[in-house]
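Close look at the chain arrangement
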Amino acid sequence: MHILVVGGGGREHAIIKKLRENPAVTEIYALPGNGGMAGQAKCVPIAATDIDGIVEFARTHPVDYAVVTPDDPLVLGCVDRLNAIGIPCFGPKQNAAMLEGSKAFAKGLMKKYGIPTANYQVFTRLDEALAYLETAPMPTVVKADGLALGKGVLICATRAEAEQAVTDMMVNAKFGASGATVVIEEFLEGPEVSVLAFTDGKTVKPMVSSMDHKRAGDGDTGLNTGGMGTVAPNPYYTPEIAQQCMAEIFLPTIRAMAAEGRPFSGCLYFGLMLTKTGPKVIEYNCRFGDPETQVVLPLLKSDLLTVMQATTNGTLAETPVEFSDQWACCVITASAGYPEHYAKGFPITMTAEAAAHTDVAGAKLADGRLVTAGGRVTGTTAVAGTLAGAIREAYRLANQVEFANAYRRRDIGQRALQALE
Ligand code: AMP
Ligand code: GLY
């Protein structure tokens with residue numbers, strides 16, 4: 001079987017490795033992939049946002065199934081376009097990817113169907129947004145409506161900060177067109193949990209929960225990043241909370257999307273806040289998380305390709321999705337300075353032992369050598385019988401990944417360990 005994977009980050013590397021466990025998979029094309037996964041996939045230099053290029057490649061190559069994972073191509077309708085030339089895909093169609101593509105759409109859906117989330121208002125006019133802020137409780141959260149590389153969310157402690165954020169988005173176009181509409185919402189408090197779930201539009205099967213570490217610095221300080229490390233499962237996510245989330249959030253979301261004529265198939269990512277008044281949705285993503293995937297998939301005991309195909313075929317209800325009861329930890333090694341300015345082009349070295357546990361993201365081959373080419377460069381994952389063991393082993397291996405300006409948080413998993421005690 002020949003599989004096309006759209007994307008080129010650590011998440012895609014983890015997916016490709018897992019797909020490779022199925023002996024029926026004989027070829028994987030990664031568009032664009034990256035130099036670090038060249039051993040497991042044929043990397044083709046077509047950008048994940050070049051939908052015409054992706055479709056043309058799929059039309060002229062023997063592709064049996066496509067896996068579309070990044071947000072941009074999903075929101076641009078990559079799945080619809082591949083389906084139109086007869087290629088079955090893992091991932092939602094464009095009208096369902098709206099769940100991530102527009103925060104205003106997602107909030108409207110939750111309101112209409114009574115799915116718990118932060119209270120909010122949507123604004124397309126600056127004067128109305130500023131007038132609302134005059135009496136809004138602080139802190140408050142200002143979000144650009146569209147995709148903004150995970151950066152379009154600002155937690156504002158004071159009214160002045162919130163006014164600045166709204167002005168930056170709506171007038172100064174700091175996040176481009178995605179900020180023309182803003183969502184201003186209630187600030188929620190509590191532990192955050194990421195739950196990725198397989199769904200075929202009718203049935204939803206959650207994967208093991210995980211905990212991301214979004215801030216750049218130790219102790220959750222510094223700027224928001226795409227994620228500096230993860231652990232799974234998330235100890236805050238008890239079986240009781242899982243049950244509550246299934247009844248109040250997961251199933252209602254899947255049913256709401258179907259009722260709206262936008263059945264969602266693929267992986268739906270629930271970003272949850274466990275507040276004092278119950279679990280609430282912070283955000284939906286229409287795809288696997290990065291680096292959540294790097295800790296969740298190593299714990300998946302079922303065959304990934306079989307489960308993915310079940311989401312496409314509508315047969316998820318009768319397809320087992322089983323996870324190991326072990327723990328996993330992923331430590332990202334980034335370029336110092338990420339998520340702002342950082343230097344690139346440094347040769348990367350790692351031991352064979354580390355390489356076997358490492359997914360490569362921001363790297364490319366230059367004259368046959370792997371060099372840094374992005375902010376998050378690698379993610380090193382270990383699985384163990386205890387959380388402490390997984391963390392220890394992930395760091396032992398990540399410390400064997402080296403390049404000139406390498407930076408790692410030193411406390412990935414520490415908050416989860418404390419929660420266990
Ligand atoms: P997002 O890009 O929507 O995942 O938001 C980035 C981060 O901002 C989240 O992971 C939360 O930590 C935080 N955040 C988003 N919305 C809220 C909210 N309503 N209350 C508190 N924190 C939030
Ligand atoms: N790690 C968060 C995300 O993938 O959006």
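Here's a quick rundown of the structure.

The rules behind the values
- Residues numbered from 1 in each chain as written.
- Chains lettered and ligands numbered in written order.
- Predicted model: local features only at pLDDT ≥ 70, side-chain atom pairs only at ≥ 80, totals over all residues.
- Heavy atoms only, no water.
- Pairing = 2+ DSSP bridges.
- Helix = DSSP H or I, 4+ residues; strand = E, 2+ residues; numbered from the N terminus.
- Axes fitted to C-alpha atoms, helices over the stretch in contact; angles between N-to-C directions.
- Near = heavy atom within 4 Å.
- Polar contact = N/O pair within 3.5 Å; in protein donor to acceptor, adjacent residues only side chain to side chain.
- Areas by Shrake-Rupley, 256 points an atom, 1.4 Å probe, with all protein chains shown as cover.
- Disulfide = S-S within 2.5 Å.
- Buried < 20%, exposed > 50% of the residue type's maximum accessible area, 1.4 Å probe, protein only.
- Contact = heavy atoms within 4.5 Å.
- Nonpolar A, V, L, I, M, F, W, Y, C, P; charged D, E, K, R; others polar.

So, the sheet that holds strand β17 (residues 278-285)
- With antiparallel pairing, four strands are arranged side by side in an open sheet as β11-β10-β16-β17. A single partner strand is all that each edge strand has here, and the edge strands are β11 (204-206) and β17. Strand after strand, the sheet turns through a mean of 35° between neighbouring axes, direction not considered.
- In this sheet, β17 lies alongside strand β16 (residues 266-275) in antiparallel orientation, the contact comprising seven bridges. Paired with Phe270 across the strands is Tyr284, a residue of β17.

Digging into the site of ligand 2
- Contacts to ligand 2 come from Asp212, Gly226, Tyr269, Asn285, Arg287, Gly289, Asp290, Pro291 and Glu292.
- At a separation of 3.3 Å, an oxygen atom of ligand 2 approaches a polar side-chain atom of Asn285.
- One of the backbone N or O atoms of Asp290 is found 2.9 Å from a nitrogen atom in ligand 2.
- About the coverage of ligand 2: the protein hides 90% of its 200 Å² of free accessible area.

Here we look at the state of the cysteines
- This model, assessed by the stated rule, comprises zero disulfides.
- The thiol sulfur of Cys78 is not disulfide-bonded, and the nearest other cysteine sulfur, from Cys89, lies at 6.6 Å.
- Judged by its relative accessible area of 0%, Cys78 is buried.
- There is no disulfide at Cys245, and the cysteine sulfur nearest it, in Cys267, is 15 Å away.
- For Cys245, a relative accessible area of 0% corresponds to the buried category.

Some words on the side chain of Thr69
- Structurally, Thr69 can be placed in the loop between β4 (65-68) and α3 (71-75).
- A distance of 2.8 Å separates a polar atom in the side chain of Thr69 from a polar atom in the side chain of Glu12.
- When residues no more than four places from it in sequence are discounted, the contact partners of Thr69 are Val6, Arg11, Glu12, Ile15, Leu74, Arg287 and Phe288.

With respect to helix α5 (residues 94-101)
- Of the positions making up α5, those classed as buried are Ala96, Ala97, Leu99, Glu100 and Gly101.
- Residues of α5 that are buried sit in contact with α3, α6 (103-113), α9 (239-259), β16 and β17.

A word on the site of ligand 1
- By nearness alone, 13 residues border ligand 1, and Glu185, Glu186, Leu188, Glu192 and Glu283 come closest of all.
- In the environment of ligand 1, an oxygen atom lies 2.4 Å from a nitrogen or oxygen atom belonging to the side chain of Glu192.
- Look at ligand 1: alone it shows 480 Å² of surface, and the protein chains cover 92% of it.
- Mapped by element, the contributors of at least two residues to the shell around ligand 1 are β7 (140-144), β8 (153-156), β9 (182-186) and β17.
- Among the residues forming the shell around ligand 1, the class breakdown is seven nonpolar, no polar and six charged.

Points about the environment of Ala162
- By secondary structure assignment, the location of Ala162 is in helix α8 (residues 159-170).
- Counting along the chain gives 26 residues from Ala162 to Ala136, while the straight-line C-alpha distance between them is 9.9 Å.
- With residues near it in sequence (within four places) discarded, Ala162 still touches Leu133, Met138, Thr140, Val142 and Cys156.

Let's talk about the environment of Ala118
- Structurally, Ala118 can be placed in the loop between α6 and β6 (120-123).
- Judged by its relative accessible area of 1%, Ala118 is buried.
- C-alpha of Ala118 to C-alpha of Glu186: the two residues are 68 residues apart in sequence and 5.3 Å apart in space.
- With sequence-adjacent residues up to four places away left out, Ala118 is seen in contact with Lys107, Glu185, Glu186, Leu188 and Val281.

Quick notes on the environment of Tyr236
- Looking at the secondary structure, you find Tyr236 in the loop between β15 (229-232) and α9.
- Given a relative accessible area of 27%, Tyr236 falls into the partly exposed group.
- For Tyr236, the contacting residues outside a window of four places in its chain are Pro191, Met211, Ile241, Leu274, Arg415 and Ala419.

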